[in-house]
Amino acid sequence: MTQLVQPMSVEGSSALLEGLNPRQREAVLYRGPALLIVAGAGSGKTSVLTRRIASLLETREAWPSQVLAITFTNKAAGEMRERVRHLVGHAADGMWISTFHSACVRILRREAEVFGYASGFTIYDSGDQRALLKRIVKQYEADVMGLSVANVGARISKLKNELIDAESFSRDVNLADPKEALFLTIFREYTRTLQAANAFDFDDLIAQTVYLFRAFPHVAEPYRRRFRHILVDEYQDTNHAQYALIRELTKPAPGVPAASLTVVGDSDQSIYAFRGADIRNIIEFEQDFPEATVVLLEQNYRSTQTILDAANAVIANNFDRKPKNLFTAGGAGDKIVGFTGYSGHDEAQFVADEIEQLHRNGMEYREIAVFYRTNAQTRALEEILIRSAVPYRILGGTKFYERAEIKDAMAYLISVANPADALAVRRILNTPKRGIGPATETQLANFAERNGVTFREALRHAAELGFGPKVTKAITALSDLLDEATAMTVPPAEGNAPIPVFDVLALLMQKSGYVDALRASKDPQDEARMENIEELLAVTKEFQRNNPDGLLIDFLTETALVAAADELDDTSGTVSLMTLHTAKGLEFRAVFLTGIEEDLLPHRMSVNEPGGPSEERRLFYVGITRARERLYLSLAMTRNSYGETSVSAPSRFLAEIPGELIDWRQSPGMTGPGAGGRAAGSLGWSSGGVGAGAGQAKPKTEWTNRVTGKVRDNGDLELAIGDRVRHDDFGEGRVQAITGTAAKRIAEVQFDTAGRKRLLVKVAPIVKL
DNA sequence: GTGAAGGGGCTTTTT
DNA sequence: GCCCCTTCAC
């Protein structure tokens, strides 16, 4: 529904303010150098931000090109652009609405030459960073000093987020400590290698942009002139480098006053301190920007009062916060449903059953989400959801772009786009197998080092290095293929469309023999890998459709910066599974918070960190406040980790929710605050189900802890309506309906004791009687 | 140089 | 429980 925007009077009586409460109106209309909008969960901040932008355009206070809006994910950016477009039409197209990382890439691609990089630089993800560090750590045998790839990587990341590069670190480091000295060496080597590869890691994207602006004011100046209105969402999760970037952009340029800055945030939702987010950025905003005005949004438009009461009660236990209380004009809604499973599988079965129940009552699968603290928890959930034929989708986790075959294919593209990137070229050197082993690779690397050329260039000199004819031929063929692909990617002349990325990738995959190797393989997994390559080819097609003038480098940029939440597809018709971190900024009609146990939430690793438990509590708070109508809290008495079963205890956070808000279908039998936290044993667990039973009669649960994780295959078991079946866990029942075909055939079975279930015939542990 | 088999270590969360 | 790395035979 398109909304006609009328000219706004100074008091602001335009359509833009329709339906807004007084606080929200103030946030839209306030004009000044700095505005902090403290936006509680579900308080309509996106509405406020988009209307604020629209209002600036409408009153001619800003051109579209003068607006820079920063969001946390690309998906959020896309949504914001959509909503602004709804309000102001295509004026929205001229604005920069993007994530910190995307905005910085855009700047760096334009300005890279100024400080010694080429515009086609590669963006290294955490996997690339790890691969590179692995090589360096090995080279210096740093692991014997206790410097692991993981902790070196984390430390470098932390330093970069603090804008401390290798050289400034070297000024402060205590060189008498050999471990510190070695760390410095690695940090330097890592920096040098990235530079030589014409590559930036994630942290560099921000930090290098700051360095660029500081070192070259004439580069920063056009951006300072251009962006007159800067808006930053999720400000509580910005780190120091991002903060510095904002400061750089809001400096006055000659003859131009400082840009106006609007930040939106909620310190109760700060969950990224582990990644360098500095909560002080928001807490000290008023000191940083002395003329700042603060607007507080507390009215919630998302959740029922019951859900908000739970959220308020939990977060109130964080002592160092400004008091804030979410409230709604909507009703109390349903009680929160609690469930304690005997095992992770039992818990998962509860989730699956409740999802089916919701679905039967008319809720779409896509309106339901399941959250968890760690990615490892997905396994049990997946097993049960598959069996129960619940359509689901996991966001994040082992991401598409992290799969080996996809990284291989991308490495081919990167080798073309950025020939300086030795990491990419080395990755494809012997992928698929061409008989080029580590010895040959080292020789090529040495040649490159000796002659001061890139690894890519060294390939061209294979004939001079005295390799055998087979090896030489293999190297030359690869080199020629890369040249052929490179020739396809030269930017087209004005008015001509570029050669589609699809064609470049297809050529590389064909002529390199990559797809042939997968097709010829006997490994059944390679069939799936082949499908993934085809999927990637489809992605390139899609990219070209959306960006007819998009070049290879644009494709690589886009794929390098996809975030977990970006994968969310509102039309998918599936239940969404994700970590609590990924859930930030999203909302669902029904939310399942699983694994609410000590050592999981709060996570064991966080308990002894300063600020750890508070951050975990905020994470719980974020999870609770994602739910609009229905909230489920579940946990398990035992959980498998490392292949071993261990006893778990209810999370301390559970006791912080007033008991009357929760309807326990099966209670953990908490004895009060502090029931959790104890190590093991059966402490804190009651011996049986306490079912308060507001819902339907609780089926017997003796079977539940016997749910096994075995994958089976019933092949083409034929079932018809009326057949009796026996299920390993649910006992005997009668088939009520059959839907779907082949591998997706689903049987609806009314079990004698366990209720009605949907089962995926192929994998369900059933036999026909 | 390649592939199979066995041992060690690990998991917090992510742009 | 699984992944990754090392080791060993061909």
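Predicted, not measured: the structure shown is a model, and the values here were computed from it.

## Points about the sheet that holds strand 2 (residues 67-71)
Then, in step 1: Across the sheet, six strands lie side by side as 3-2-6-7-1-8; this open sheet has parallel pairing. Both outer strands of the open sheet, strand 3 (96-99) and strand 8 (293-297), are each paired with one neighbouring strand and no more. Pairs of neighbouring strands in the sheet enclose a mean axial angle of 15°, with direction left out of account.
Then, in step 2: Two elements, strand 1 (residues 34-39) and strand 7 (residues 260-265), share five bridges in a ladder whose sense is parallel.

## So, the domain arrangement of chain A
Then, in step 1: Splitting chain A by domain gives domain 1 (16-113 + 206-299), domain 2 (122-197), domain 3 (336-399 + 572-666), domain 4 (402-563) and domain 5 (723-768).
Then, in step 2: Facing 15 residues of domain 1, the contacting portion of domain 3 comprises 10 residues.
Then, in step 3: Where domain 1 abuts domain 3, roughly 1,000 Å² becomes buried across the two surfaces, and 56% of that area is made up of carbon and sulfur atoms.
Then, in step 4: Considering only the side of domain 1, the residues that lose the most area to domain 3 are Asp268, Gln269 and Ile271, jointly responsible for 47% of the buried surface there.
Then, in step 5: Where domain 1 meets domain 3, there are two salt bridges.
Then, in step 6: Where Lys584 meets Asp237, a salt bridge forms, and the shortest distance between an N and an O atom there is 2.4 Å.
Then, in step 7: Inspection of the region where domain 1 meets domain 3 yields six residue pairs in polar contact (both at pLDDT 80 or more).
Then, in step 8: In terms of residue class, the side of domain 1 that touches domain 3 is made up of seven nonpolar, four polar and four charged.

## Things to note about the protein's contact with DNA strand C
Then, in step 1: Neighbouring residues of DNA strand C: Lys134, Lys138, Tyr642 and Gly643.
Then, in step 2: Backbone atoms, meaning sugar and phosphate, make up 50% of the atoms of DNA strand C lying within 4 Å of the protein.
Then, in step 3: Among the residues making up the surface near DNA strand C, the classes are represented as one nonpolar, one polar and two charged.

## Some details on the packing of helix 17 (residues 404-417) against helix 21 (residues 469-488)
Then, in step 1: Where helix 17 contacts helix 21, the axes come no closer than 9 Å and their chain directions differ by 70°. For the element pair helix 17 / helix 21, the angle class is roughly perpendicular. Contact with helix 17, carried on its side by Tyr412, Ser415 and Val416, involves Leu478, Leu482, Ala485 and Thr486 of helix 21 and no other residues of that element.
Then, in step 2: Each residue belonging to the contact of helix 17 with helix 21 can be placed in one class, and the counts come to five nonpolar, two polar and no charged.

## Some words on the protein's contact with DNA strand B
Then, in step 1: Within the structure, DNA strand B sits among 29 residues, and Arg275, Arg373, Ala564, Thr579 and Glu609 are positioned closest to it.
Then, in step 2: Taken together, the sugar and phosphate atoms account for 52% of what DNA strand B places within 4 Å of the protein.
Then, in step 3: Between DNA strand B and His101 there is a distance of 3.2 Å, counted from a base oxygen to a side-chain nitrogen or oxygen.
Then, in step 4: Take Thr582: an N or O atom from its side chain is 3.2 Å from a phosphate oxygen of DNA strand B.
Then, in step 5: In terms of residue count, helix 19 (residues 438-451) provides more of the surface near DNA strand B than any other element does, three residues in total.

## Here we look at the packing of aromatic side chains
Then, in step 1: Following the criterion strictly, the structure yields 19 aromatic pairs and no others.
Then, in step 2: Centroid distance Trp96 to Phe227: 5.1 Å. Interplanar angle 65°. Geometry classified as edge-to-face. With Trp96 in strand 3 and Phe227 in the loop between helix 10 (217-226) and strand 6 (229-232), the pair connects residues that are 131 residues apart, well separated along the chain.
Then, in step 3: Look at Phe227 and you get buried, because its relative accessible area is 0%.
Then, in step 4: On the numbers, 5.9 Å between centres and 20° between planes, the contact of Phe620 with Phe653 is stacked. Of this pair, Phe620 sits in helix 27 (residues 612-624) while Phe653 sits in the loop between strand 16 (644-647) and strand 17 (662-666), and the two are 33 residues apart along the sequence.
Then, in step 5: We classify Phe620 as buried; its relative accessible area is 0%.
Then, in step 6: Residue classification places Phe653 among the buried residues on the basis of a relative accessible area of 0%.

## Digging into the side chain of Gln66
Then, in step 1: In this fold, Gln66 is placed in the loop between helix 2 (45-58) and strand 2.
Then, in step 2: With relative accessibility at 17%, the residue Gln66 sits in the buried group.
Then, in step 3: Among all residues touching Gln66, those that are not within four sequence positions of it are Glu61, Arg226, Phe227, Arg228 and His229.

## A short note on helix 16 (residues 378-387)
Then, in step 1: Of the residues making up helix 16, those classed as buried are Thr378, Ala380, Leu381, Ile384, Leu385 and Arg387.
Then, in step 2: Where helix 16 is buried, its residues contact helix 15 (344-360), strand 10 (368-372), strand 11 (392-394), strand 12 (575-579) and strand 21 (755-760).
Then, in step 3: Directly after helix 16, the chain includes Ala389, whose backbone phi takes a positive value near 60°.

## Topic: the nonpolar core
Then, in step 1: Counting residues in each nonpolar core, the largest one holds 49 residues, and the members touching the most others are Leu413, Leu444 and Leu508.
Then, in step 2: Every residue in contact with Leu413, bar those within four places of it in the chain, is listed here: Val504, Leu505, Leu508, Leu552, Phe555 and Leu556.
Then, in step 3: Membership of the second largest hydrophobic core comes to 46 residues, among which are Leu68, Ile123, Ile230 and Ala292.

Conventions we followed
Residues numbered from 1 in each chain as written. Chains lettered and ligands numbered in written order. Predicted model: local features only at pLDDT ≥ 70, side-chain atom pairs only at ≥ 80, totals over all residues. Heavy atoms only, no water. Pairing = 2+ DSSP bridges. Helix = DSSP H or I, 4+ residues; strand = E, 2+ residues; numbered from the N terminus. Axes fitted to C-alpha atoms, helices over the stretch in contact; angles between N-to-C directions. Domains from an automatic or database assignment. Contact = heavy atoms within 4.5 Å. Buried area = accessible area lost by both parts, 1.4 Å probe. Salt bridge = Lys/Arg side-chain N within 4 Å of Asp/Glu carboxyl O. Polar contact = N/O pair within 3.5 Å; in protein donor to acceptor, adjacent residues only side chain to side chain. Nonpolar A, V, L, I, M, F, W, Y, C, P; charged D, E, K, R; others polar. Near = heavy atom within 4 Å. Parallel < 35°, antiparallel > 145°, perpendicular 65-115°, else oblique. Phe/Tyr/Trp six-rings, centres within 6.5 Å; stacked < 30°, edge-to-face > 60°. Buried < 20%, exposed > 50% of the residue type's maximum accessible area, 1.4 Å probe, protein only. Core = buried A, V, L, I, M, F, W, Y, C linked by side-chain atoms within 4.5 Å.

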